[in-house]
Amino acid sequence: MRTTSSPVVSRVNSESRAAVVCAAVILTPDFAQYDWRPLGSVARRDDSVELRWPDGLTFTCHPLWLYEQTAGIEPLTREGSVEPGDLPHTPEVVVADVAADGSLELTWEGGARSQAHPGWLRSIAEGQHLPRASIGEPIEWTTASMADLPTFDGSIVLDDHTVFEAWLASLCTVGVGRLRGAPTTDEFMGELAGRIGPIRGSNFGGVFTVESIVDPDSTANTGMALGQHTDLPTRETPPGFQFLHCVENSVPGGLSRMADGMAVAAEIRRRHADAYESLTTDEWVFANRAVDGDHRWIGPIIDFGGPRSPLTIRAFYPVRLAPYMPIDRQQRAYDAMRVFSQVAHDPRFMISSAFAPGDLVGFDNRRILHGRDAFDPGAGRRRLRGCYLDHDDLFSRLR
């Protein structure tokens, strides 16, 4: 690799470059369209290449990364084609320069040449390749900042991309979004979910029905009240998003309740430190035991997982089987769960609303706590259609 005591810098006049038309299509390692953001200069250093744009933004790249993303891209799939064991031990960039059109031009030891799209490089420099960059960061809310569920026109959501995108963005940021005026057909839930991505199956099936039945297979299929919870804590990775579509509802009562688990956890952390310690460290065995299935997992009520894992609330008490902690911590754990329930049901954090026919509510199942008031199944009929999708697929659709 070349060693230099000072950077070797090449520049192209930005004014003259503005008139230059890119003569060749430069492949990027994806199929996105990038604005052409011409480079201002390139500095070749001992172990890196420093890029600079005319507005002063700089980005320092490792030569091996540039090699992988330019010389090592398979043109049809736009995926990397260089197995790590085949990377050169000392990738020598003989020349790193700004081409006449403002792209990055690289000449490698042995004479091979490659180019990098300056707009794509700029997107990496700005962090636009990171998972949350184009979907928005989570926004914590209480009823003081969000008095009602964000609501969108369900009658046009399948035809109007602006409405569809706004609804998905709401799901990704505040964790919940309601459609009103959607068709009240059994098929609509599956059709809408299919526009987002693959439905995540569960022991309830793909698209399932929630209604009071004679022989219920879940407390959801009764008229009893359900406390604030998230679904399927019995799974290693509970479903990312849940959707519930009201097809029919003629019963009094049964108000739906939503609370932001992020805000609930933050409130407990601020005001109930001992409870928060227990909720985030004391573990429980969760089990869903049925005739045709037996799902089990161990975790705390407020589960942060690894450093990149999203918040996962494991709070469905009907399937919380047994404590997985020493006996001397179990009273603390029960006290902490009482605090969790009290905060999750506090009107400061909980939005209550009726489920009208044509309403469809989507929410982040690992973050948003949901529940319902009791209702009398004999006073009418309440029937919802629902399904689950994973975070990754909805995020991908929004991008």
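Summarised in this report is the structure supplied together with it. Source: prediction; values computed, not measured. (Residues numbered from 1 in each chain as written. Predicted model: local features only at pLDDT ≥ 70, side-chain atom pairs only at ≥ 80, totals over all residues. Heavy atoms only, no water.)

### Concerning the sheet that holds strand β19 (residues 350-353)
Sheets are built from strands paired through backbone hydrogen bonds, the pairs being either parallel or antiparallel.
Moving on, step 1. Across the sheet, four strands lie side by side as β11-β21-β13-β19; this open sheet has antiparallel pairing. Edge positions in the sheet fall to β11 (226-229) and β19, since each of these pairs with one other strand and no more. Each strand of the sheet is rotated relative to its neighbour by a mean of 15°, with strand direction disregarded.
Moving on, step 2. In the sheet, β11 pairs with strand β21 (residues 368-372) via two bridges, with the strands oriented antiparallel. (Pairing = 2+ DSSP bridges. Helix = DSSP H or I, 4+ residues; strand = E, 2+ residues; numbered from the N terminus. Axes fitted to C-alpha atoms, helices over the stretch in contact; angles between N-to-C directions.)

### Here we look at unusual backbone geometry
Moving on, step 1. Although it is not a glycine, Arg78 adopts a positive phi angle of roughly 60°.
Moving on, step 2. Note on Arg78: relative accessible area 18%, which makes it buried.
Moving on, step 3. With a phi angle near 55°, Leu232 is a residue other than glycine that sits in the positive phi range.
Moving on, step 4. Looking at the element boundaries, Leu232 is found in the loop between β11 and β12 (241-249).
Moving on, step 5. Judged by its relative accessible area of 6%, Leu232 falls in the buried class. (Buried < 20%, exposed > 50% of the residue type's maximum accessible area, 1.4 Å probe, protein only.)

### Focus: the side chain of Asp359
Moving on, step 1. Here Asp359 is to be found in the loop between β19 and β20 (360-364).
Moving on, step 2. What makes Asp359 buried here is its relative accessible area of 2%.

### Quick look at the pairing of strand β4 (residues 58-61)
Moving on, step 1. Of the two faces of β4, only one is covered, namely that formed by Phe59 and Cys61; the face formed by Thr58 and Thr60 stays uncovered.
Moving on, step 2. Relative to β4, strand β3 (residues 49-52) runs antiparallel, the two being bridged by four bridges. Within the sheet, the bridge partner assigned to Arg52 lies in β4 and is Thr58.

### Topic: the sheet that holds strand β22 (residues 382-389)
Moving on, step 1. Taken in spatial order, the six strands make up an open sheet running β8-β9-β20-β12-β22-β10, and their pairing is mixed. What marks the edges here is a single partner per strand, and that holds for β8 (151-153) and β10 (208-210). Each adjacent strand pair in this sheet contributes to an overall mean axis angle of 25°, direction not counted.
Moving on, step 2. Across three bridges, the pairing between β10 and β22 is antiparallel. Residue Val210 lies in a different strand from β22, and its bridge partner there is Leu384.
Moving on, step 3. Strand contacts of helix α4 (residues 161-173): β8, β9 (176-180), β12 and β20, with the helix running at about 145° to β9, the strand carrying the most contacts. (Contact = heavy atoms within 4.5 Å.)

From the geometry alone we can't say anything about function, so treat these as descriptive.
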